[in-house]
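If you want the building blocks of each chain, they are given just below.
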Amino acid sequence: MPNTDGAFGARPVGHLDGSPWNGKVNMYYVPSTYGTILGLGDFVTGDADAGAAGVTVNGIDVEGMPSIVRAAAGDTTLLGVIVGFLPLQTNLERLHNPASTARIALVCDAPDVVYEIQEDSDTSFLRATDVGQNCDLITAADANTTTGRSVFEIDSSTHVSTTAQLRVLSLYKRPGNILGSFAKWLVVINEHTYKSTTAI
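Position numbers for residues count from 1 along each chain, tracking the sequence in the order it is written. With pLDDT at 70 or above as the cut-off, local features in this predicted model cover only qualifying residues; side-chain atom pairs require 80 or more to be listed or tallied, and sums for whole chains, interfaces and linings still use all residues. Only hydrogens and water are set aside when side-chain values are computed; all heavy atoms of the structure are taken into account.

## Points about the overall build of the chain
Then, in step 1: A helix here means a DSSP run of H or I that spans at least four residues, while a strand means a run of E at least two residues long, and both kinds are numbered starting from the N terminus. For the chain, the helix and strand inventory stands at zero helices and 14 strands.
Then, in step 2: Beginning at the N terminus, the succession of helices and strands in the chain can be written as β-β-β-β-β-β-β-β-β-β-β-β-β-β.
Then, in step 3: Between the two quantities, the radius of gyration covers C-alpha atoms and the globule rule is 2.2 Å times the number of residues to the power 0.38. Against the 2.2 N^0.38 benchmark of 16 Å for 200 residues, the chain shows a C-alpha radius of gyration of 17 Å, consistent with a compact globule.
Then, in step 4: If you take every contact in the chain between residues at least 6 apart in sequence, the share linking residues at least 24 apart comes to 75%.
Then, in step 5: Accessible surface area values rest on a Shrake-Rupley calculation with a 1.4 Å probe, where residue burial reflects the displayed protein chains alone. In the structure as shown, the chain presents an accessible area of about 9,200 Å², 54% of it carried by carbon and sulfur atoms.
Then, in step 6: Positive and negative side-chain charges of the chain, numbering 12 and 21 respectively, have mean locations separated by a distance of 8 Å. In this analysis, two residues are considered to be in contact whenever any of their non-hydrogen atoms come within 4.5 Å of each other. Charge convention: Lys and Arg are scored as positive, Asp and Glu as negative, and His as well as the terminal groups of each chain are ignored. Here the site of a charge means NZ on Lys, CZ on Arg, CG on Asp, or CD on Glu.

This is the structure:
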């Protein structure tokens, strides 16, 4: 049975030492001047900026809190993955963050976290011999505003033995997932803000 095509960004599932993901996150500021939708599972980078003195978001002081932007293919310093947002007081059911909306994002930013992510399979799919190689990310659209989920995927045609954004660890072994188009993989961020980048 073929794999289902359903991009969801990245989901933290564990750590490199084999332990399950412990749920730890850090808070990051999304200013109202940032005009891009952010979703659950989006990869982000640091914005080299922070909340100014006297700025609050829904009553929370964000002075000095680092800000983030959505990552793009080719970015060489990924910070982590958005796993949630603090509630948006004007719409408590909104899972994504609309463009130009001040919000506090919850980011899984530990450099040893292992993520599940789907490959795009646009030209070819990843094979067993590609395990251990590095790949870049791809996204062609904003997050789904109904589900709140990201549409980031592995760009499967970019696998290289030199450096790239993600390190492919293994096929995610669960029912309904096999080698082939739209397979789900376990990866770790290779080009991470808090660690040295490596080739294989």
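Let us keep going from here.
## Section: the state of the cysteines
Then, in step 1: By disulfide we mean two sulfur atoms from cysteines, separated by a distance within 2.5 Å. Enumeration over the complete set of coordinates arrives at zero disulfides.
Then, in step 2: No disulfide involves C108; its sulfur sits 20 Å from the nearest other cysteine sulfur, which is in C135.
Then, in step 3: Relative accessible area decides the class of each residue, using a 1.4 Å probe on protein chains only: under 20% of the type maximum gives buried, over 50% gives exposed, and in between gives partly exposed. C108 sits in the buried class, given a relative accessible area of 1%.
Then, in step 4: The buried category is assigned to C135, whose relative accessible area is 1%.

## So, the pattern of salt bridges
Then, in step 1: For salt bridges, the criterion is a side-chain nitrogen of Lys or Arg within 4 Å of an Asp or Glu carboxyl oxygen. For the structure on display, the rule yields three salt bridges.
Then, in step 2: Here D142 ties to R70 by a salt bridge, and the two come within 2.9 Å at their closest N and O atoms. A residue pair is termed long-range when its members are at least 10 positions apart, and D142 in the loop between β11 (137-138) and β12 (153-154) and R70 in strand β6 (residues 66-70) qualify at 72 residues.
Then, in step 3: Here D142 falls in the partly exposed class, since its relative accessible area comes to 36%.
Then, in step 4: Across the salt bridge formed by R174 and E116, the nearest N and O atoms sit 2.7 Å from each other. Of this pair, R174 sits in the loop between β13 (166-171) and β14 (184-189) while E116 sits in strand β9 (residues 113-118), placing them 58 residues apart in sequence.
Then, in step 5: Residue class for R174 comes out partly exposed when judged on its relative accessible area of 32%.

## Let's talk about the sheet that holds strand β10 (residues 134-135)
Then, in step 1: Taken in spatial order, the five strands line up as β1-β9-β14-β13-β10 in an open sheet, and their pairing is antiparallel. Both edges of this open sheet fall to β1 (10-15) and β10, since each of them pairs with a single strand only. For two strands to count as paired, DSSP must find a minimum of two bridges between them.

## Looking at the environment of D42
Then, in step 1: Counting through the fold element by element, D42 comes out in the loop between β2 (26-30) and β3 (43-50).
Then, in step 2: Of the residues examined, D42 reaches a relative accessible area of 1% and is grouped as buried.
Then, in step 3: The spatial distance from the C-alpha of D42 to the C-alpha of A110 is 15 Å, given a sequence separation of 68 residues.
Then, in step 4: Residues adjacent in sequence count toward polar contacts only when both atoms are side-chain atoms; beyond that, a polar contact is any pair of N or O atoms within 3.5 Å, and within protein one must be able to donate a hydrogen and the other to accept it. Engagement of the side chain of D42 in a polar contact is seen with the backbone nitrogen of G39, the distance being 2.7 Å.
Then, in step 5: For D42, the side chain forms a polar contact with the side chain of S150, separated by 2.6 Å.

## Things to note about the packing of aromatic side chains
Then, in step 1: Aromatic rings from Phe, Tyr and Trp, taking only the six-membered ring of Trp, are treated as a pair when their centres fall within 6.5 Å; an angle between ring planes under 30 degrees marks them as stacked, one over 60 as edge-to-face, and anything in between as tilted. Under the counting rule described, the total for this entry stands at two aromatic pairs.
Then, in step 2: On the basis of an interplanar angle of 80° and a centroid distance of 5.7 Å, the ring pair of F43 and F152 is categorised as edge-to-face. One end of the pair, F43, is in strand β3; the other, F152, is in the loop between β11 and β12, with 109 residues separating them in the sequence.
Then, in step 3: For F152, a relative accessible area of 0% translates into the label buried.
Then, in step 4: The rule is short: NZ of Lys or CZ of Arg within 6 Å of the ring centre and within 35 degrees of the ring normal puts a charge over the ring. A cation over a ring is seen here: R11 above F8, with NZ or CZ 3.8 Å from the ring centre.

## Thoughts on the side chain of Q165
Then, in step 1: Relative to the assigned elements, Q165 resides in the loop between β12 and β13.
Then, in step 2: Only 3.1 Å separates the side chain of Q165 from the backbone oxygen of A72, close enough to count as a polar contact.

## Quick notes on the pairing of strand β7 (residues 80-85)
Then, in step 1: The buried fraction of β7 is high, at five of six residues.
Then, in step 2: Here four bridges tie β7 to strand β8 (residues 103-108), and the two strands are oriented antiparallel to one another. Opposite F85, over in β8, you have A105 as the bridge partner.

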